Amino acid sequence: MDYVLDRPSVTAAERDLRADLVERAAKLVPVLTTNAARTEKSRRIPEENLSAIEEAQLFSIMRPKRFGGLQVDFRTKLEVTRELARGCGSTAWATSLMNVCAWFTGLWGEEAQKDVWAERPANRVAGVFAPTGTAEVVPGGYRVSGRWGWASGCLHSQWALVGVPLADESGQPADQGMVLIPMSELSIEDTWFVAGMKGTGSNTLVADDVFVPAHRYVSVLKLIDGEVANPYRDEELYRAAFVPGAAIILAGPQLGLAQAALDVVLGKAPQRGIAYTYYDRQTDAPGFQLAVAKAASLVDSAHLHAYRAAADIDEAAHRGVFPDYAARARVRMDTGRAIIFAREAIRELVSAHGASSFAEVSPMQRIWRDSEVASRHAVANPEISAEVYGRALLGFTSGVSPLV
């Protein structure tokens with residue numbers, strides 16, 4: 001289905017590249033679908049999936065062109081991730097998070113970016129920007145220790161970015177930032193035992209007194225306010241607002257999971273009856289017809305809200321304008337609504353499909369579990385997003401979360 005809502009400034013060349021990348025992702029769906037159960041059982045993305053995504057250049061979509069990346073807009077990233085999620089939610093989620101961490105890395109200064117990509121442009125980055133570590137200021141940089149969960153994609157990345165608080169000389173909070181660390185200097189603790197998104201490998205990163213050069217630190221508080229260290233101001237992608245961008249990428253997998261559930265239910269309905277009724281085919285039952293109509297409308301609504309949010313982010317970046325608080329709050333609201341609509345569509349479809357949705361051989365139960373887990377990510381919390389947006393409409397610009 002084509003959703004035309006887009007930023008006014010998108011060019012024909014950008015649309016063509018988007019269509020090409022989405023087609024590449026769509027061609028991978030059969031492989032991802034075939035490997036989905038194995039992905040879940042092994043609790044990591046199979047090498048076959050990783051190689052296929054790498055070959056299709058879908059790990060490079062948010063890497064700077066200076067390092068061989070494609071540097072696409074957020075709308076394109078949503079559509080690519082959506083396609084991958086039609087095949088495997090875990091693979092799409094981990095890919096999406098590694099891509100957004102590449103975008104985060106593109107917000108650093110040039111020296112840090114060269115550390116990550118100059119010698120190996122294909123390096124992938126995982127990370128957690130929650131400040132759950134410590135950073136001691138030392139000559140030339142910082143000594144960093146801590147634990148960071150849940151680092152989606154860490155099993156398949158060569159670098160990590162992790163959040164740290166900084167204190168002043170009196171021990172009072174002075175800043176909150178992120179540091180870039182080679183994965184070889186970290187350890188990974190196997191902690192990801194969950195009901196859904198089992199294959200993402202979102203384990204815990206551990207640092208024990210790791211030295212980080214000063215140029216590999218960036219202030220998250222400055223990023224939130226629109227101050228980035230990237231000196232290349234012509235690179236539109238890295239002018240995009242930090243929190244809206246960090247939030248909207250979480251909607252992509254949900255869009256694909258909801259579409260996958262709808263495709264499964266519509267595809268099987270002509271061959272399925274409704275137990276203990278006279279309906280030999282679900283397609284003949286008015287109740288089923290109403291259920292799929294509601295679900296399809298929810299899927300549409302999820303896409304439209306997510307794509308409006310992406311259009312707002314991309315257009316502001318194109319114009320070189322940092323969105324005001326109310327605009328950023330609406331993006332958070334749109335992201336939350338997209339996730340809720342996708343989740344509710346899947347719930348509706350699971351019920352319409354019937355109890356066999358929960359058979360272990362059915363993809364429906366995995367889609368349902370993946371959505372239920374992923375939709376709880378704190379950055380896109382729908383209730384908090386609604387509170388932020390409601391207060392913004394009333395003129396408040398603080399009081400709920402710094403992540404706006």
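You'll find the structure just up there.
First, a word on what this report is: a plain description of the structure on this page.

Calculation criteria
- Along each chain, numbering runs from 1 in the same order as the chain's sequence is written.
- Side-chain atom pairs in this predicted model are given and counted only at pLDDT of 80 or more, local residue features only at pLDDT of at least 70, and totals for whole chains, interfaces and linings cover all residues.
- Hydrogens and water molecules were not included; the side-chain quantities draw on all heavy atoms of the structure.
- Under the scheme used here, helices are H or I runs from DSSP no shorter than 4 residues and strands are E runs no shorter than 2 residues, and both carry numbers assigned from the N terminus.
- Radius of gyration here is computed from C-alpha atoms only, and the compact-globule reference equals 2.2 Å multiplied by the residue count raised to the power 0.38.
- Relative accessibility thresholds used throughout: buried, under 20% of the residue-type maximum; exposed, over 50%; partly exposed, between the two (1.4 Å probe, protein chains only).
- Whether two residues touch is decided by their heavy atoms; if any such pair falls within 4.5 Å, the residues are in contact.
- Two residue types count as positive, namely Lys and Arg, and two as negative, namely Asp and Glu; His and chain ends fall outside the count.
- To locate a charge, take NZ of a lysine, CZ of an arginine, CG of an aspartate or CD of a glutamate.
- In protein, a polar contact requires one atom able to donate a hydrogen and another able to accept it; more generally it is a pair of N or O atoms within 3.5 Å, and residues adjacent in sequence count only if both atoms are side-chain atoms.
- Think of it this way: a Phe, Tyr or Trp ring, Trp meaning its six-membered ring, pairs with another when their centres are within 6.5 Å, and the plane angle makes it stacked under 30 degrees, edge-to-face over 60, tilted otherwise.
- Method remark: on a 1 Å grid restricted to protein atoms, a set of points is classed as a cavity if a 1.4 Å probe fits but cannot get out and as a pocket if it is open with protein on both sides within 12 Å along at least five of seven lines; lining residues have an atom within 4 Å of a point.
- Grid points are joined across faces, edges and corners, and a volume is the space filled by probe spheres set on the points.
- Ten residue types, Ala, Val, Leu, Ile, Met, Phe, Trp, Tyr, Cys and Pro, are classed as nonpolar, four, Asp, Glu, Lys and Arg, as charged, and the remainder, Gly among them, as polar.
- The pairing criterion for strands is at least two bridges between them, as found by DSSP.
- All axes are obtained by fitting lines to C-alpha atoms, using only the stretch in contact for helices, and the reported angles, taken between N-to-C directions, cover 0 to 180 degrees.
- Residue count minus one, scaled by 1.5 Å, sets the expected span of a helix.

When you go through the protein residue by residue, the secondary structure sums to 12 helices and 8 strands. The globule rule puts the C-alpha radius of gyration for 404 residues at 22 Å, and the 21 Å found for the protein is close to it. In terms of its C-alpha atoms, the protein occupies a principal-axis envelope of roughly 80 × 45 × 40 Å. Across the 404 residues in the protein, those meeting the buried criterion constitute 56%. Across the protein, every contact between residues at least 6 apart in sequence was considered, and the portion connecting residues at least 24 apart equals 75%. Measuring between centres, the 42 positive side-chain charges of the protein sit 4 Å from its 48 negative side-chain charges.

Here the focus is the environment of Glu54. Here Glu54 lies in helix α2 (residues 47-55). In this structure the C-alpha to C-alpha distance between Glu54 and Thr105, which are 51 residues apart in sequence, comes to 19 Å. Contact partners of Glu54, with chain neighbours within four places excluded, come to Phe59, Ala122 and Arg124.

Glancing now at the side chain of Asn203. Within the secondary structure, Asn203 is located in strand β7 (residues 203-213). Reaching out from Asn203, the side chain makes a polar contact with the backbone nitrogen of Thr191 at a distance of 3.0 Å. At a separation of 3.0 Å, a polar atom in the side chain of Asn203 contacts the main-chain amide nitrogen of Trp192.

Before going further, it helps to examine the packing of aromatic side chains. Here the structure, examined in full by the defined rule, presents 10 aromatic pairs. Measuring from centroid to centroid gives 5.0 Å for Phe74 and Trp103, while their planes differ by 90°, and the two rings are edge-to-face. With Phe74 in helix α3 (residues 74-87) and Trp103 in helix α4 (residues 89-105), this pair connects stretches of sequence that are 29 residues apart. Here Phe74 and Trp103 have matching classes, each one buried.

Tracing the sequence through the fold places Arg216 in the loop between β7 and β8 (217-219). Classification of Arg216 as buried rests on a relative accessible area of 12%. At 2.9 Å, the side chain of Arg216 forms a polar contact with the side chain of Asp115. Beyond its immediate chain neighbours, meaning those up to four positions away, Arg216 contacts Trp108, Ala112, Asp115, Trp159, Met178, Val179, Leu180 and Pro182.

Moving on, we come to empty space enclosed by the protein. Scanning the model with the defined rule gives 1 cavity of 30 Å³ or more in all. Roughly 50 Å³ of volume is contained in the largest cavity. Taken together, Phe59, Arg63, Met98, Asn99, Ala102, Trp117, Asn123, Arg124 and Val125 make up the full set of residues lining the largest cavity. Split by residue class, the lining of the largest cavity holds 5 nonpolar, 2 polar and 2 charged.

Turning next to the layout of surface pockets. If you add up the space inside the largest pocket, you get close to 710 Å³. Secondary-structure elements contributing two or more residues to the lining of the largest pocket are α4, β1 (125-128), β3 (141-151), α6 (220-224) and α11 (363-374). Looking at which element gives the most residues to the lining of the largest pocket, the answer is α4, with 5 residues. Considering only residue class, the lining of the largest pocket consists of 25 nonpolar, 7 polar and 2 charged. A volume near 320 Å³ is recorded for the second largest pocket. Along its surface, the second largest pocket is lined by 20 residues, and Arg7, Glu14, Gln71, Val72 and Asp73 are the ones closest to its centre. Residue assignment for the lining of the second largest pocket shows that the elements contributing at least two residues are α1 (12-42), α3 and α9 (286-319). Looking at which element gives the most residues to the lining of the second largest pocket, the answer is α1, with 4 residues.

Before going further, it helps to examine the sheet that holds β1. An order of β1-β4-β5-β8 is seen for the 4 strands of this open sheet, with the pairing classed as mixed. Either end of the sheet is taken by a strand with one partner, and the two such strands are β1 and β8. Between one strand and the next, the sheet's axes are offset by a mean angle of 30°, whatever the strand orientation. Two elements, strand β4 (residues 159-167) and strand β5 (residues 173-182), share 9 bridges in a ladder whose sense is antiparallel. Note that in β5 the partner of Leu166 across the bridge is Asp175. Docked against the sheet, α4 engages β1, β4 and β5, running at close to 85° with respect to β1.

Looking now at unusual backbone geometry. Negative phi is the rule for most residues except glycine; trans is the rule for most peptide bonds. The residue after Gly149, namely Trp150, is reached through a cis peptide bond having omega 5°. Here Trp150 is to be found in strand β3. Of note, the phi angle at Arg43 is positive, near 60°, even though the residue is not glycine. Judged by relative accessible area, which is 23%, Arg43 ranks as partly exposed. The phi dihedral of Gln71 falls on the positive side, at around 50°, and the residue is not glycine.

What follows is about the pairing of β1. Residues Val125 and Gly127 of β1 are buried on one face, and the alternating residues Ala126 and Val128, pointing to the opposite face, are buried as well. Of the strand pairs in this sheet, β1 and β4 are connected by 4 bridges, and their pairing is parallel. By the bridge assignment for β4, Gly127 is matched with Leu161.

Helix length check: α11 (12 residues) gives 16 Å between terminal C-alpha atoms against 16 Å at 1.5 Å per residue, within 8%. By the criterion of burial, α11 is predominantly enclosed, with 9 of the 12 residues buried. Taken together, the buried positions of α11 are occupied by Met364, Gln365, Arg366, Ile367, Arg369, Asp370, Ser371, Glu372 and Ala374. On its buried face, α11 is in contact with α1, α4, α8 (251-268) and α10 (325-353). With a side-chain oxygen positioned 3.1 Å from the backbone nitrogen of Met364, the residue opening α11 is Ser362.

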